[in-house]
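If you want the building blocks of each chain, they are given just below.
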Amino acid sequence: MSDPKLAQKQAAAKSALTYIDDGMILGVGTGSTVNCLIELLPQVRLKGAVTSSQVTEDKLRALGIEIFDLNTVGELDLYVDGADEIDPHGNMIKGGGGALTREKIVAACAKTFVCMVDDSKTVEKLGKFPVAVEVLPQARSYVARELVKLGGDPVYREGFVTDYGNVILDTYDLDIKNPSELEKTLNNIVGVVCNGIFASQSAHIMLKAGNDGVITVKF
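Residues numbered from 1 in each chain as written. Predicted model: local features only at pLDDT ≥ 70, side-chain atom pairs only at ≥ 80, totals over all residues. Heavy atoms only, no water.

### A word on the state of the cysteines
All chains considered together, the criterion is met by 0 disulfides. Take Cys36: it sits in no disulfide, and the sulfur closest to it among the cysteines is that of Cys115, at 14 Å. The structure places no disulfide on Cys194, whose sulfur is separated from the nearest cysteine sulfur, that of Cys109, by 13 Å. In this structure Cys194 comes out as buried when scored by relative accessible area, which is 5%. (Disulfide = S-S within 2.5 Å. Buried < 20%, exposed > 50% of the residue type's maximum accessible area, 1.4 Å probe, protein only.)

### Notes on the packing of aromatic side chains
Overall, the coordinates contain 1 aromatic pair when judged by the stated rule. Pairing Tyr79 with Phe113 gives two aromatic rings, centres 5.0 Å apart and planes at 55 degrees, and the pair type is tilted. Here Tyr79, found in strand 3 (residues 76-81), pairs with Phe113, found in strand 6 (residues 110-118); they are 34 residues apart in sequence, far enough to count as distant. For Tyr79, a relative accessible area of 0% corresponds to the buried category. Taking relative accessible area as the criterion, Phe113 reaches 1% and is therefore assigned buried. Between Lys94 and the ring centre of Phe198, over which it is positioned, the NZ or CZ distance is 5.5 Å. Positioned above the aromatic ring of Tyr156 is the side chain of Arg140, whose terminal nitrogen or guanidinium carbon lies 4.1 Å from the ring centre. (Phe/Tyr/Trp six-rings, centres within 6.5 Å; stacked < 30°, edge-to-face > 60°. Helix = DSSP H or I, 4+ residues; strand = E, 2+ residues; numbered from the N terminus. Lys NZ or Arg CZ within 6 Å of the ring centre and 35° of its normal.)

### Side note on helix 7 (residues 179-187)
Taken residue by residue, helix 7 has Pro179, Leu182, Glu183 and Leu186 as its buried positions. An end-on view of helix 7 places all buried positions within 105 degrees of arc, on one side of the element. Looking at the buried positions of helix 7, the neighbouring elements they touch are helix 5 (100-108), strand 7 (131-135), helix 6 (140-149), strand 10 (192-195) and strand 11 (197-198). (Arc of directions from axis to C-beta. Contact = heavy atoms within 4.5 Å.)

### Let's talk about helix 6
Considered for burial, the residues of helix 6 that qualify are Val143, Ala144, Glu146 and Leu147. The buried residues of helix 6 occupy an angular sector of 165 degrees when the element is viewed end-on, so they sit on one face. Buried residues along helix 6 sit against strand 7, strand 8 (153-156), strand 9 (167-172), helix 7 and strand 10. Looking one or two places after helix 6, you find Gly151, whose phi comes out positive at around 95 degrees.

### Digging into the sheet that holds strand 13 (residues 213-218)
Spatially, the 6 strands line up as an open sheet ordered 2-1-3-6-12-13, and their pairing is mixed. Sheet topology places strand 2 (48-51) and strand 13 at the edges, where each strand pairs with a single neighbour. Across this sheet, the average inter-strand angle for adjacent strands is 25 degrees, counted without regard to direction. Bridge count for strand 1 (residues 25-28) against strand 2 is 4 bridges, and the pairing is parallel. Opposite Ile25, over in strand 2, you have Gly48 as the bridge partner. (Pairing = 2+ DSSP bridges. Axes fitted to C-alpha atoms, helices over the stretch in contact; angles between N-to-C directions.)

### Some remarks on the pattern of salt bridges
Pairs may arise between side chains of opposite charge once their charged atoms sit close together. Taken as a whole and judged by the stated rule, the model has 15 salt bridges. For the salt bridge of Lys111 with Glu75, the shortest nitrogen-to-oxygen distance reads 3.9 Å. Here Lys111 is found in strand 6, whereas its partner Glu75 is found in the loop between helix 4 (70-73) and strand 3, with 36 residues between them in sequence. Between Lys125 and Asp175 there is a salt bridge; the shortest N-O distance is 2.6 Å. Remark: Asp175 occurs in the loop between strand 9 and helix 7 and Lys125 occurs in the loop between strand 6 and strand 7; sequence separation between them is 50 residues. With a relative accessible area of 44%, Lys125 lands in the partly exposed category. Judged by its relative accessible area of 42%, Asp175 is partly exposed. Among the charged side chains, a network of salt bridges with common partners joins Glu57, Arg61, Arg102 and Asp163. (Salt bridge = Lys/Arg side-chain N within 4 Å of Asp/Glu carboxyl O.)

Spelled out as structure tokens, the structure:
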């Protein structure tokens, strides 16, 4: 039996392919929808890619796509990724796969951020999905206490280490009425490396796949 969600992710990825030009150094995200896009990338002649995770880097290398260091590339024309949640303004929660910091860095360097989602990821207000907070290991307990003060319920992601050697606190029950302000507040906690609210690096274009096809929304 076919998986309708997989079909939607594949449709979103196919739409994203139309934004990718030959000769481009592409910023490539992480996750199940991105994996659908990676399968399609041999259809274009990329100069190479900058990746948001080691997992994605390995998949692209297996296809023979050259991987560039972001420091040598500078600005990217395009970054393509998915999201765990996205609101009507293009603000997102990301980090379910734990690659949030690299994702946010690559997104910040891109002129255009295209977000591919199936229709289950669109929400009126962010917050049902927990906010991943990447934390220096020594600061884990302190940051957890500070998150509780903000109304959050932090859960240590056991057995997981980020590409940078840090840990993740998946934080439930945060009131995200102002994504941009909460993103800054979380980043200002000593010991926090980054958090999964993408408001400063929000999406420019959303490709939302549903049963009736893919809808393009520009923010």
